[in-house]
Amino acid sequence: MTITQDSSAPLIVVVGITGNQGGSVVNALAESSKPYRIRGLTRDVNKPAAQEFAAKGVEVVAVSLTSDNATGAREAFNGADITFVVTNYWEHLDVNREVAEVKMLIDQAKTVGVKLFIWSGLESIIKVSKGKYPNVHHFNGKGEITEYGRHSGIPFVNVQSGWYASNFAKLDGMKPKKQADGSFVLALPVGPQTLLPVLDTPHDYGLFVQEAIESPEFGAGSEVLTSGEDITVGDMVSQLAEITGKKITFARIGDEEFLAATGLPRSVALEVLESLKYHEEWGYYAGKTTDASRRHLARPTRTWADFVKSTNWSSILA
Ligand SMILES: NC(=O)c1ccc[n+]([C@@H]2O[C@H](COP(=O)([O-])OP(=O)(O)OC[C@H]3O[C@@H](n4cnc5c(N)ncnc54)[C@H](OP(=O)(O)O)[C@@H]3O)[C@@H](O)[C@H]2O)c1
């Protein structure tokens, strides 16, 4: 554990320490051989995750990073050498809010002289697909933010998050579903050859942020594409079956069937549907490979099989 209070060490301000990505960033930096001061932001310092980090030497600060709170953001970023910013689109489903909040954070980080702004962005699917898939707002908004950050003048790195491995264990539309004969089917509106950069996010996302900070190959202007393993959905299902010992097969289903199976409001389900179809046609990272981004990690990432082995599937495959 190398979290230090020594003022000669760089101060990293991490948004979302109680979440998957922010928590992973703090853990990776704490395990680095380099010393860091870490300030972690949350709206609720009493959350167990916030308290645990405070006990490990993180300066935990309460702030709500809404676009009308530029003063709070400026104070939270004050003195930072580096900031890490993630949003939680799924909490409000409002792309305009997401974009406005991060633009404000970029502006405030610039005002206080942050030397590196690390952003958890995604591709603009509407742009890459030339308008074919217009409804994936959680990607499109992040793409717009990336453009803004790149032109803002602040040193800016985009560390895109891969596909959360946990989606297949947590999301109703993606979990394997029990059939009348006792077997399971994992059904998606895409073919089994669809390739995904699967990431055990809480375990490994932070390694890539650490790499962006510490590796000379990255840094200002660069892009880091995170992935524990690039693997097809068909292979994921085969490995899940083999490791758990359950009969699980993959099935391609129609769009309407998938929309209904998600259990989500139609507009939200449409985001998920279009994102999957985009991944099949263009690739999650729009055809860019993840090899270079995996080259200088401090330790190996978990593969899909590692994730399956470390997950309790008993209630999901009951
Ligand atoms: N599922 C996927 O496959 C996937 C793939 C790539 C990217 N993503 C993206 O990942 C993002 C979610 O990241 P995550 O998994 O780390 O989320 P998470 O686990 O839900 O955590 C969100 C964090 O953001 C903080 N936060 C939210 N609103 C805030 C506000 N107004 N002020 C201050 N802090 C705030 C929360 O802090 P407190 O609650 O403690 O205040 C929490 O720590 C989404 O935008 C999603 O689009 C998901």
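Thresholds, definitions, all that
Residues numbered from 1 in each chain as written. Predicted model: local features only at pLDDT ≥ 70, side-chain atom pairs only at ≥ 80, totals over all residues. Heavy atoms only, no water. Near = heavy atom within 4 Å. Polar contact = N/O pair within 3.5 Å; in protein donor to acceptor, adjacent residues only side chain to side chain. Areas by Shrake-Rupley, 256 points an atom, 1.4 Å probe, with all protein chains shown as cover. Helix = DSSP H or I, 4+ residues; strand = E, 2+ residues; numbered from the N terminus. Nonpolar A, V, L, I, M, F, W, Y, C, P; charged D, E, K, R; others polar. Domains from an automatic or database assignment. Contact = heavy atoms within 4.5 Å. Buried area = accessible area lost by both parts, 1.4 Å probe. Salt bridge = Lys/Arg side-chain N within 4 Å of Asp/Glu carboxyl O. Pairing = 2+ DSSP bridges. Axes fitted to C-alpha atoms, helices over the stretch in contact; angles between N-to-C directions. Expected span 1.5 Å × (residues − 1). Buried < 20%, exposed > 50% of the residue type's maximum accessible area, 1.4 Å probe, protein only. Phe/Tyr/Trp six-rings, centres within 6.5 Å; stacked < 30°, edge-to-face > 60°.

**Q** Is there a simple way to explain the site of the ligand in this structure?
**A** Taken together, 28 residues sit near the ligand, with Thr18, Thr42, Arg43, Lys47 and Tyr164 positioned nearest. In this structure, a nitrogen atom belonging to the ligand sits 2.9 Å away from a main-chain N or O atom of leucine 65. Between the ligand and the protein, one listed contact pairs an oxygen atom with a backbone N or O atom of tyrosine 89 at 3.3 Å. Against a free-state accessible area of 940 Å², the protein chains account for coverage of 87% of the ligand. Residue contributions to the shell around the ligand peak at three residues, all from helix α4 (residues 89-92). For the shell around the ligand, the per-class residue count stands at 10 nonpolar, 13 polar and five charged.

**Q** Explain the domain arrangement of the protein chain to me, please; I cannot follow it from the model alone.
**A** The domain architecture assigned to the protein chain consists of domain 1 (11-163 + 200-227 + 285-301) and domain 2 (167-193 + 230-282). The centre of domain 1, based on its C-alpha atoms, is set 28 Å off from the matching centre of domain 2. Domain 1 puts 21 residues into the contact, and the matching count from domain 2 is 15 residues. It is Tyr133, Asn135 and Trp163 in domain 1 that bury the most area against domain 2; as a group they hold 43% of the surface buried on that side. Measuring nitrogen to oxygen at the nearest pair gives 3.8 Å for the salt bridge that ties arginine 294 to aspartate 230. For the pair domain 1 and domain 2, the number of links is nine residue pairs in polar contact (both at pLDDT 80 or more). At the level of secondary structure, the elements contributing two or more residues to the side of domain 1 that touches domain 2 comprise α4, α6 (125-128) and α7 (137-151). It is α7 that contributes the most residues to the side of domain 1 that touches domain 2, three residues altogether. Looking at the side of domain 1 that touches domain 2, its residues break down into 11 nonpolar, seven polar and three charged.

**Q** Can you walk me through the sheet that holds strand β5 (residues 116-119) in this structure?
**A** Hydrogen bonds between backbone atoms are what pair the strands of a sheet, whose relative direction is either parallel or antiparallel. In space, the seven strands of this open sheet follow the order β3-β2-β1-β4-β5-β6-β11, with parallel pairing throughout. With partners counted over all chains shown, the strands left at the sheet margins are β3 (59-62) and β11 (223-225), one partner each. Here the average twist between neighbouring strands, direction ignored, is 20°. Relative to strand β2 (residues 37-42), strand β1 (residues 11-15) runs parallel, the two being bridged by five bridges. Pairing of valine 15 across the sheet is with leucine 41, part of β2. Against the sheet, α7 contacts β5, β6 (156-160) and β11, and its axis sits at roughly 160° relative to β6.

**Q** Please clarify how helix α5 (residues 95-111) should be interpreted in this entry.
**A** Along an α-helix, residues three or four apart share an orientation, since each turn contains 3.6 residues. Between its terminal C-alpha atoms α5 stretches 24 Å, which fits the 24 Å expected from 17 residues at 1.5 Å a residue. Along α5, the residues classified as buried are Glu98, Val99, Glu101, Val102, Met104, Leu105, Ile106, Gln108 and Ala109. The elements touched by buried residues of α5 are α3 (70-77), β4 (82-85), α4, β5, α7 and β6. One side-chain oxygen of the residue at the start of α5 lies 3.1 Å from the amide nitrogen of asparagine 96, identifying that residue as aspartate 94. Positive backbone phi, approximately 80°, marks glycine 113, located one or two places after α5.

**Q** For this particular structure, what's the right way to read the pairing of β6?
**A** Regular strands have side chains that alternate between both faces of the sheet. A large share of β6 lies buried, amounting to five of its five residues. Judged by which residues are buried, β6 turns out to be covered on both faces: Phe156, Asn158 and Gln160 on one side and Val157 and Val159 on the other are all buried. Strand direction decides the pairing type here: β5 and β6, joined by three bridges, are parallel. Residue pairing in the sheet places isoleucine 118 in a bridge with valine 157 of β6.

**Q** Got a minute to help me understand the packing of aromatic side chains in this structure?
**A** For any pair of aromatic rings, the description rests on two quantities: the centre-to-centre distance and the angle between the ring planes. Overall, the coordinates contain 12 aromatic pairs when judged by the stated rule. A centroid spacing of 6.3 Å and a plane angle of 90° characterise the contact between tyrosine 133 and tryptophan 282, whose relative ring orientation is edge-to-face. Pair noted here: tyrosine 133 is in the loop between α6 and α7 and tryptophan 282 is in helix α12 (residues 266-282), with a separation of 149 residues, a long-range link. A relative accessible area of 7% means that tyrosine 133 is categorised as buried. An angle of 90° between the planes, with centres 6.4 Å apart, marks the rings of phenylalanine 307 and tryptophan 313 as edge-to-face. Just as phenylalanine 307 is buried, tryptophan 313 falls in that class too. Here the aromatic cluster, defined as three or more aromatic residues joined through ring pairs, consists of Trp163, Phe168, Trp304, Phe307 and Trp313.

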